[in-house]
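# Structure assessment
Here is how the chains run, residue by residue.
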Amino acid sequence: MSHIYIFTGKGGVGKSCISSAHAYMSARQGIDTLLVSTDMAHNLGDIFETKLGSEPINLMEHLDIYEIDPNTIMENDFKDMTAAIKKMLPVSYGENIQEFGMVPGMEELFALLKIAKIYQANTYERIIVDCAPTGETLSLLKFPELLSWYMEKLFPIGKVAVRVLSPISKQMFKVSLPNKVAMNDIEKLYYELFQLQELLKDREVTSIRLVTIPEKMVVEETKRNYMYMNLYNFNVDGIYINRILPKDINNSFFDQWLAIQSTYMDEIKQSFQALPMYRVPWYEEEIKGINAIVRICNDVLEKGNVFTQVEISNRETFETNDSGYLLKVHLPFVDKKEIDLFQTNTDVVLKIGNFKRNIPLPNVLRKYMIASAKYEQDCLYIQFEKGEGADAQ
Ligand SMILES: Nc1ncnc2c1ncn2[C@@H]1O[C@H](COP(=O)(O)OP(=O)(O)OP(=O)(O)O)[C@@H](O)[C@H]1O
Ligand SMILES: [Mg+2]
């Protein structure tokens, strides 16, 4: 089975360098690897000191690099689908595909669909994804789910397909997918989005890796990023602490910095105990060219099993209990007061800060109501009871 590794983190923390090092390391192990960037401000070309085009190029044996240009793939790979989305949009978006590309998140969505396509073509055993900074990556990852949710509400998509959307209900009811040939464009798009979600949330396929720096602001953001990744049920199974100063630096200018780093290293260790952790030194020069990449491989990646995928948190689960059903969602680092929870006819809606997630309810639960909710040991437990229930607390 092929694997996807997605690197995410705040701007400038070292995502591109660290994902590049993974790609190089993977190729060195003799595994066919693709390093792909979804960041519109591409810089893999700078790191590898080579010119990249709109198609993957071969860098060395077992390693191809590809900076995705969403406009090119929208025109070349997803013509029918862009047409399908166009149908769904207000007329004012017009005929122009560039204009249409301006719908927020849309271009990146096609970059993801392209990655799914590459995955399905089975050319590479490992696909390493260098992402844009945190916020954009989050919107990117939640987008397929969000869009299919809207599509369900707006279009008469077959009920079977609707229920298939939820990994939970799929597991519970083992429904089969509708026949792809009979679908129209919108259904096809919906189906592709569904498949994309399945791929990104499949813990045996996709790993999300966090890149951070031992400083307050970055650590805070890393925690929130981790929480949101859990909210959307992605498997984060590694954290990279980058730019660690050498202890024997012997220059009083860095005394304070060493103390700061030590404080936040401790905090990271405590907060992310569950995750495999890798430490990357702060090098005396910027990371450019193969030699710099090889250095990261030798100093850091070689020492761990960086490509091993580990299931860190359990999937969301619906369990039956005496009172009805219990939905369990793994949600570390959330402030209880921030959680907003309600139920619609078809979904449980979970809101934290500016992020909202609709978790579709299995059919059997439509007659149940949320009776109570509690947050305990990094998990949110939502209890459903039959008939009229009390509001969530
Ligand atoms: N361990 C390190 N030692 C020295 N320089 C580093 C280290 N890690 C990253 N850098 C430098 O920091 C800068 C940012 O790194 P990189 O481009 O990998 O970050 P990024 O997270 O991909 O940034 P962006 O959010 O802009 O995509 C680069 O100039 C890189 O050479
Ligand atoms: Mg980058």
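## So, the overall build of the protein
When its secondary structure is counted, the protein shows 13 helices and 15 strands. For the protein, with 393 residues in total, the buried portion stands at 39%. For the protein, restricting intrachain contacts to residue pairs at least 6 apart in sequence, the fraction spanning at least 24 positions comes to 71%.

## Here we look at helix α11 (residues 216–231)
Working note: α-helix, 3.6 residues per turn, so residues spaced by three or four point in the same direction. The end-to-end C-alpha distance of α11, which contains 16 residues, comes to 23 Å, matching closely the 22 Å that a straight helix rising 1.5 Å per residue would cover. Within α11 the residues assigned to the buried category are Val218, Val219, Glu221, Thr222, Asn225, Tyr226, Met227, Tyr228, Met229, Asn230 and Leu231. Within two residues after α11, Asn233 carries a phi angle of roughly 70°, on the positive side.

## Observations regarding the nonpolar core
For soluble globular proteins, the rule of thumb is that nonpolar side chains tend to be buried together. Counting residues in hydrophobic clusters, the biggest one holds 91 residues, and the most contacted among them are Ile115, Ile127 and Val129. Element by element, the count of residues in this core is highest for helix α6 (residues 106–121), at nine residues.

## Side note on unusual backbone geometry
Of note, the phi angle at Glu49 is positive, near 50°, even though the residue is not glycine. At Arg243, a residue that is not glycine, the phi angle is positive and equals roughly 60°. For Arg243, the location among the structural elements is in strand β7 (residues 236–244).

## Side note on the environment of Phe48
As for its position among the elements, Phe48 is in the loop between α2 (44–47) and β3 (57–60). Residues Phe48 and Ala292 lie 244 residues apart in sequence; the distance between their C-alpha atoms is 9.5 Å. Excluding residues that lie within four positions of it along the chain, Phe48 makes contacts with Ser20, Leu59, Ile65 and Ile290.

## Regarding the sheet that holds strand β11 (residues 339–343)
Pairing in this open sheet of three strands is antiparallel, and the strands run β11-β12-β13 from one edge to the other. Here the strands that pair on one side only, and so sit at the sheet edges, are β11 and β13 (355–360). Neighbouring strand axes in the sheet, compared pairwise and without regard to direction, differ in orientation by 15° on average. Direction of pairing for β11 relative to strand β12 (residues 347–352): antiparallel, over a ladder of five bridges. Within β12, the residue paired with Ile339 across the bridge is Ile352.

## Description of the pairing of strand β14 (residues 368–376)
In terms of strand pairing, β14 meets strand β15 (residues 379–386) through eight bridges, oriented antiparallel. Bridging across to β15, Met369 finds its partner in Glu385. Joining the antiparallel neighbours β14 and β15 is a turn of two residues, in which Gln377 adopts a positive phi near 45°.

## Quick notes on the sheet that holds strand β6 (residues 206–212)
Pairing in this open sheet of eight strands is mixed, and the strands run β3-β4-β2-β5-β1-β6-β7-β8 from one edge to the other. Only two strands of the sheet have a single partner each, and these edge strands are β3 and β8 (277–281). The sheet shows a mean angle of 25° between the axes of neighbouring strands, direction not considered. In the sheet, strand β2 (residues 33–37) pairs with strand β5 (residues 126–130) via five bridges, with the strands oriented parallel. Of the residues in β5, the one forming a bridge with Ser37 is Asp130.

## With respect to the confidence of the model for the protein
This prediction gives the protein a mean pLDDT of 83; 82% of its residues lie at or above 70. In the predicted structure, residues 159–182 sits below a pLDDT of 50 and forms 34 contacts with residues beyond four places in sequence or in another chain. Low confidence marks residues 389–393, where pLDDT is under 50. Its contacts with residues over four positions away, or in another chain, come to eleven contacts.

## Focus: the site of ligand 1
Lining the immediate environment of ligand 1, one finds 18 residues, of which Gly14, Lys15, Ser16, Cys17 and Glu286 sit closest. Sorting the residues of the shell around ligand 1 by element identifies α1 (15–28) and β7 as the ones contributing at least two each. A per-element tally of the shell around ligand 1 places α1 first, with three residues. Of the residues assigned to the shell around ligand 1, the class counts are seven nonpolar, seven polar and four charged.

## Let's talk about the packing of α11 against helix α12 (residues 255–271)
Across the interface, α11 lies against α12 with an axial gap of 10 Å and an inter-helix angle of 10°. Here α11 lies roughly parallel to α12, going by the angle between them. In this structure, α11 uses Lys216, Val219 and Lys223 to contact α12, whose residues at the interface are Tyr264, Glu267, Ile268 and Ser271. When grouped by side-chain class, the residues that make up the contact of α11 with α12 number three nonpolar, one polar and three charged.

## Re the packing of α1 against helix α13 (residues 289–299)
Contact geometry of α1 with α13 gives a least axis separation of 9 Å together with a crossing angle of 75°. Taken together, the axes of α1 and α13 lie roughly perpendicular to each other. Contacts between α1 and α13 pair Cys17, Ile18, Ser20, Ala21, Tyr24, Met25 and Arg28 from the former with Ile293, Val294, Ile296 and Cys297 from the latter. Classifying every residue of the contact of α1 with α13 by side-chain character gives nine nonpolar, one polar and one charged.

## Remarks on the pairing of β5
Burial within β5 is extensive, with five of its five residues counted as buried. Here β5 shows no split at all, with Arg126, Ile128 and Asp130 on one side and Ile127 and Val129 on the other all buried. Inspection of the sheet shows strand β1 (residues 3–8) paired to β5 by five bridges, in the parallel sense. In the sheet register, Phe7 faces β5, and the bridge partner there is Asp130.

Thresholds applied
- Residues numbered from 1 in each chain as written.
- Chains lettered and ligands numbered in written order.
- Predicted model: local features only at pLDDT ≥ 70, side-chain atom pairs only at ≥ 80, totals over all residues.
- Helix = DSSP H or I, 4+ residues; strand = E, 2+ residues; numbered from the N terminus.
- Buried ≥ 20, exposed ≤ 12 C-beta atoms within 10 Å, placed from the backbone.
- Contact = placed C-beta atoms within 7 Å.
- Expected span 1.5 Å × (residues − 1).
- Core = buried A, V, L, I, M, F, W, Y, C linked by C-beta atoms within 7 Å.
- Pairing = 2+ DSSP bridges.
- Axes fitted to C-alpha atoms, helices over the stretch in contact; angles between N-to-C directions.
- pLDDT = per-residue confidence, 0-100.
- Near = placed C-beta within 6 Å.
- Nonpolar A, V, L, I, M, F, W, Y, C, P; charged D, E, K, R; others polar.
- Parallel < 35°, antiparallel > 145°, perpendicular 65-115°, else oblique.

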